[in-house]
Amino acid sequence: MPLADIIARINAAERAAARPEGSVTLIAVSKVQPAERVEAVLDQGHRVFGENYVQEAQRKWPAWRARYPGVQLHMIGPLQTNKAKAAVELFDAIHTVDRPSLAERLARLADQRGTSPELFVQVNTGREPQKAGVLPEAADEFVAQVRALSLPVVGLMCIPPEGEDSRPHFAMLAEMAARNGLTKLSMGMSADFEAAIAAGATHVRVGSAIFGARDYGQR
Ligand SMILES: *Cc1c(COP(=O)(O)O)cnc(C)c1O
């Protein structure tokens with residue numbers, strides 16, 4: 001679907017929720033997509049992108065950053081502690097902080113660098129064993145732990161279970177953010193970003209609806 005159509009749908013969802021136009025940031029998820037599709041979106045002026053893999057992002061983005069000023073990169077995939085240094089050097093925001101060892105590593109890097117990407121805590125709202133994220137009942141304490149490390153934690157992120165109604169998960173995340181004084185909510189993908197905006201999403205992560213289906217066979 002053309003980028004302009006996605007943006008129009010986001011704006012309509014903002015209006016329907018009586019939220020100001022532009023209050024939702026569209027993160028175009030470019031993982032695994034062929035370069036020409038990503039460049040077509042960059043050429044249309046979009047500058048906010050999401051990637052899942054540190055090494056893939058390291059390979060692709062330095063050249064695009066040089067060609068297209070103003071790129072903002074969001075890390076939305078699980079982050080291994082041994083990739084944290086590369087991640088903070090590359091990304092403007094990390095959406096997948098989900099364990100003390102990673103938070104402590106990010107805090108040491110922030111001390112050394114004098115700066116840190118904006119951080120989101122990922123919550124495993126569906127309690128799926130194979131999925132990253134803190135469990136819902138552990139989220140408040142973990143947010144407090146991350147804050148105690150003087151890290152810039154700004155919001156929460158979730159990926160609802162596939163094939164389930166996302167809305168209860170979005171509502172749970174919004175309530176958790178509100179009671180923790182967090183203002184940003186990273187939720188909503190191609191199939192459900194309008195429902196996420198209705199529930200208060202500030203960042204929607206949309207991949208295939210913009211770029212087309214991903215072909216993992218080509219990696
Ligand atoms: C791949 C991915 C997306 C984008 O998914 P689409 O269904 O293609 O929009 C969003 N969020 C995360 C965490 C992802 O891994």
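No experiment lies behind these values; they were computed from the predicted model shown.

### Considering the overall build of the protein chain
The secondary structure content of the protein chain amounts to nine helices and eight strands. Relative to the compact-globule value of 17 Å for 219 residues, the protein chain shows a C-alpha radius of gyration of 17 Å, a close match. Summarising its shape, the C-alpha atoms of the protein chain cover approximately 40 × 40 × 35 Å along the three principal directions. Here the protein chain holds 219 residues, and the buried ones make up 50% of them. The contacts in the protein chain between residues at least 6 apart in sequence include a share of 57% that link residues at least 24 apart. Accessible area for the protein chain stands at about 10,000 Å²; split by element, carbon and sulfur atoms hold 51% of it. One finds the centroid of the 25 positive side-chain charges in the protein chain at a distance of 4 Å from the centroid of its 25 negative side-chain charges.

### Observations regarding the UniProt feature "domain: Alanine racemase N-terminal" (unreviewed entry) in the protein chain
When the UniProt feature table is mapped onto this chain numbering, "domain: Alanine racemase N-terminal" (unreviewed entry) sits at residues 8-214. The span residues 8-214 is 42% helical and 17% strand by assignment, and the distance between its end C-alpha atoms comes to 23 Å.

### A few points about the pairing of strand β8 (residues 203-206)
Neither face of β8 is open: one carries H203 and R205, the other V204 and V206, and all of them are buried. By the bridge criterion, four bridges tie strand β1 (residues 25-29) to β8 in an arrangement that is parallel. Within the sheet, the bridge partner assigned to T25 lies in β8 and is H203.

### Description of the side chain of H46
Considering the arrangement of structural elements, one finds H46 in the loop between α2 (35-43) and β2 (48-51). In this structure the side chain of H46 is engaged in a polar contact, spanning 3.1 Å, whose partner is the backbone oxygen of L26. Polar side-chain contacts of H46 include one of 2.9 Å to the backbone oxygen of V48. Setting aside residues no more than four positions away along its own chain, H46 makes contact with L3, L26, A28 and V41.

### Structural notes on the site of the ligand
Taken together, 13 residues are adjacent to the ligand, and K31, N52, S190, S208 and R214 come closest. Between the ligand and S190, the relevant distance is 2.5 Å, taken from an oxygen atom to a side-chain nitrogen or oxygen of the residue. Residue S208 places a main-chain N or O atom 2.7 Å away from an oxygen atom belonging to the ligand. Expressed as a share of its isolated accessible area of 390 Å², the protein-covered part of the ligand is 89%. Residues that form the shell around the ligand fall into these classes: six nonpolar, four polar and three charged.

### Considering the UniProt feature "modified residue: N6-(pyridoxal phosphate)lysine" (unreviewed entry) in the protein chain
Per the UniProt record, "modified residue: N6-(pyridoxal phosphate)lysine" (unreviewed entry) is annotated on K31. The topology assignment puts K31 in the loop between β1 and α2.

About the cut-offs
Residues numbered from 1 in each chain as written. Predicted model: local features only at pLDDT ≥ 70, side-chain atom pairs only at ≥ 80, totals over all residues. Heavy atoms only, no water. Helix = DSSP H or I, 4+ residues; strand = E, 2+ residues; numbered from the N terminus. Rg over C-alpha atoms; globule rule 2.2 N^0.38 Å. Buried < 20%, exposed > 50% of the residue type's maximum accessible area, 1.4 Å probe, protein only. Contact = heavy atoms within 4.5 Å. Areas by Shrake-Rupley, 256 points an atom, 1.4 Å probe, with all protein chains shown as cover. Lys, Arg positive; Asp, Glu negative; His and termini not counted. Charge placed at Lys NZ, Arg CZ, Asp CG, Glu CD. UniProt positions renumbered as here; feature names shortened; annotations may be inferred. Pairing = 2+ DSSP bridges. Polar contact = N/O pair within 3.5 Å; in protein donor to acceptor, adjacent residues only side chain to side chain. Near = heavy atom within 4 Å. Nonpolar A, V, L, I, M, F, W, Y, C, P; charged D, E, K, R; others polar.

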